[in-house]
Amino acid sequence: MARMITSVLARDLATLGRVGEDTSSESVLRGLTTTLARGVPGCSGGSAELWRDDRVLVSGSHSELIMLVEGEREIGEGPSVEARNTRQRVVIGDVLRDRRWARYSGLATRWGVRSVLVLPIEVAPVLLVVGLYGVRPGAFTAQAAAPLAEMLSEQVGVAMANMWDFDEVRTDAAQMQEALAGRAIIDQAKGIIMKSSGCSSEAAFEELRRVSQHHQVKVADLARLLVEEHQRKQR
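These notes cover the structure that comes with them.

A short note on the overall build of the chain
Okay, step 1: Summing up its helical and strand segments, the chain has eight helices and five strands in all.
Okay, step 2: Going from the N terminus to the C terminus, the chain shows its helices and strands as α-α-β-β-α-α-β-α-β-β-α-α-α.
Okay, step 3: Looking at the 235 residues of the chain, the share that counts as buried comes to 40%.
Okay, step 4: Considering only contacts within the chain whose residues lie at least 6 apart along the sequence, 59% involve residues at least 24 apart.
Okay, step 5: For the chain, the exposed surface amounts to about 13,200 Å²; the carbon and sulfur share of it is 50%.

Encoded structure:
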């Protein structure tokens with residue numbers, strides 16, 4: 001059964017892979033949960049837990065579902081906990097009839113949840129635990145979950161990989177810009193020393209490095225202080 005996959009869902013999942021200046025783990029997870037709520041028949045809301053070691057980032061299409069996931073983690077039982085521990089899909093056909101996790105059933109019914117599907121998706125080095133929730137019993141089946149899990153693994157994997165690659169490029173660019181700015185301020189400081197002492201460029205830099213080592217500060221930070229002090233005196 002592939003009825004859980006609609007053209008709207010396929011289209012919206014594909015857009016998760018597009019990255020930009022505002023793209024982050026939070027934005028990808030938020031986009032994923034709202035896409036599931038909008039695109040999967042019978043799904044009224046979605047949640048996503050991004051686990052890296054023992055750290056977790058939680059998102060949800062509705063604030064109530066974030067509270068449900070966090071409440072489940074606090075009591076230590078439920079479909080998301082089970083999916084994370086076993087790396088297996090978990091289906092609850094009807095929360096009121098399920099006997100596996102009594103305390104979780106109480107939490108779920110408090111927020112109007114009657115059926116649940118949880119899919120663990122491994123995107124090394126993280127584990128993504130995706131939850132789908134229905135307000136009616138029988139919204140999800142194990143057979144229909146398989147193609148959905150396959151599609152999510154592919155599309156979410158692409159989205160996360162693109163985001164990490166973009167972050168790496170953005171970090172490299174920021175570091176390069178910082179290095180260039182530091183070099184410019186050092187050149188200004190060298191010019192001040194050369195003008196005041198009549199020394200060469202190499203000797204001015206050696207003086208900067210000697211003072212920076214003596215005071216245990218970075219050369220660029222010392223240069224910035226020198227330039228700022230020189231500018232204050234000129235004013």
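Describing the packing of aromatic side chains
Note on aromatic pairs: each is described by the distance of the centres and the angle between the planes.
Okay, step 1: Within this structure, the stated rule accounts for zero aromatic pairs.
Okay, step 2: Positioned over the ring face of W51 is R84, at 3.4 Å from the centre of the ring.

Some words on the side chain of K190
Okay, step 1: Checked against the element boundaries, K190 lands in helix 6 (residues 142-197).
Okay, step 2: Here K190 falls in the buried class, since its relative accessible area comes to 15%.
Okay, step 3: In contact with K190, other than residues within four places in its own chain, are S201, A204, F205 and L208.

What to know about the environment of M67
Okay, step 1: Its place among the elements puts M67 in helix 3 (residues 63-75).
Okay, step 2: Residues M67 and L107 lie 40 residues apart in sequence; the distance between their C-alpha atoms is 9.3 Å.

Structural notes on the pattern of salt bridges
Okay, step 1: A complete count under the given rule lists 10 salt bridges for this structure.
Okay, step 2: Note that R100 is salt-bridged to D98, the shortest N-O span being 2.8 Å.
Okay, step 3: Of the residues examined, D98 reaches a relative accessible area of 15% and is grouped as buried.
Okay, step 4: Counted as one network, the salt bridges with shared partners bring together D94, R97 and R114.

Regarding the pairing of strand 2 (residues 55-60)
Okay, step 1: Direction of pairing for strand 1 (residues 45-52) relative to strand 2: antiparallel, over a ladder of six bridges. Opposite L50, over in strand 2, you have L57 as the bridge partner.
Okay, step 2: Count of turn residues in the strand 1/strand 2 antiparallel hairpin: two residues, of which D53 carries a positive phi of about 60°.

Some details on the sheet that holds strand 2
Okay, step 1: Reading across from one edge, 2-1-5-4-3 is the order of the five strands in this open sheet, with antiparallel pairing throughout. Whereas interior strands pair on both sides, the edge strands pair on one side only; in this sheet they are strand 2 and strand 3 (90-92). On average, each strand axis in the sheet is inclined to that of its neighbour by 15°, with strand direction left out of account.
Okay, step 2: Here strand 3 runs beside strand 4 (residues 115-123); their pairing, made up of three bridges, is antiparallel.

Details of unusual backbone geometry
Okay, step 1: With a phi close to 60°, D53 is a non-glycine residue in the positive phi region.
Okay, step 2: Taking relative accessible area as the criterion, D53 reaches 64% and is therefore assigned exposed.
Okay, step 3: Backbone geometry places R87, a non-glycine residue, at a positive phi of 60°.
Okay, step 4: Its location among the elements puts R87 in the loop between helix 4 (79-86) and strand 3.
Okay, step 5: Take R87: its relative accessible area is 40%, and that puts it in the partly exposed class.

Side note on the nonpolar core
Okay, step 1: Membership of the largest hydrophobic core comes to 27 residues, with the highest contact counts inside it found for L32, L36, L119, L128, V130, L132 and L152.
Okay, step 2: Residue assignment for this core shows that the elements contributing at least two residues are helix 1 (7-15), helix 2 (25-39), strand 1, strand 4, strand 5 (126-134) and helix 6.
Okay, step 3: The dominant element in this core, judged by the number of residues it contributes, is helix 6, at seven residues.
Okay, step 4: When sequence neighbours within four positions are dropped, the list of residues in contact with V130 reads L32, L36, S47, L117, V118, L119, I121 and L152.
Okay, step 5: Grouped together as the second largest cluster of nonpolar side chains are 19 residues, I92, W101, A108 and V129 included.

Rules used in this analysis
- Residues numbered from 1 in each chain as written.
- Predicted model: local features only at pLDDT ≥ 70, side-chain atom pairs only at ≥ 80, totals over all residues.
- Heavy atoms only, no water.
- Helix = DSSP H or I, 4+ residues; strand = E, 2+ residues; numbered from the N terminus.
- Buried < 20%, exposed > 50% of the residue type's maximum accessible area, 1.4 Å probe, protein only.
- Contact = heavy atoms within 4.5 Å.
- Areas by Shrake-Rupley, 256 points an atom, 1.4 Å probe, with all protein chains shown as cover.
- Phe/Tyr/Trp six-rings, centres within 6.5 Å; stacked < 30°, edge-to-face > 60°.
- Lys NZ or Arg CZ within 6 Å of the ring centre and 35° of its normal.
- Salt bridge = Lys/Arg side-chain N within 4 Å of Asp/Glu carboxyl O.
- Pairing = 2+ DSSP bridges.
- Axes fitted to C-alpha atoms, helices over the stretch in contact; angles between N-to-C directions.
- Core = buried A, V, L, I, M, F, W, Y, C linked by side-chain atoms within 4.5 Å.

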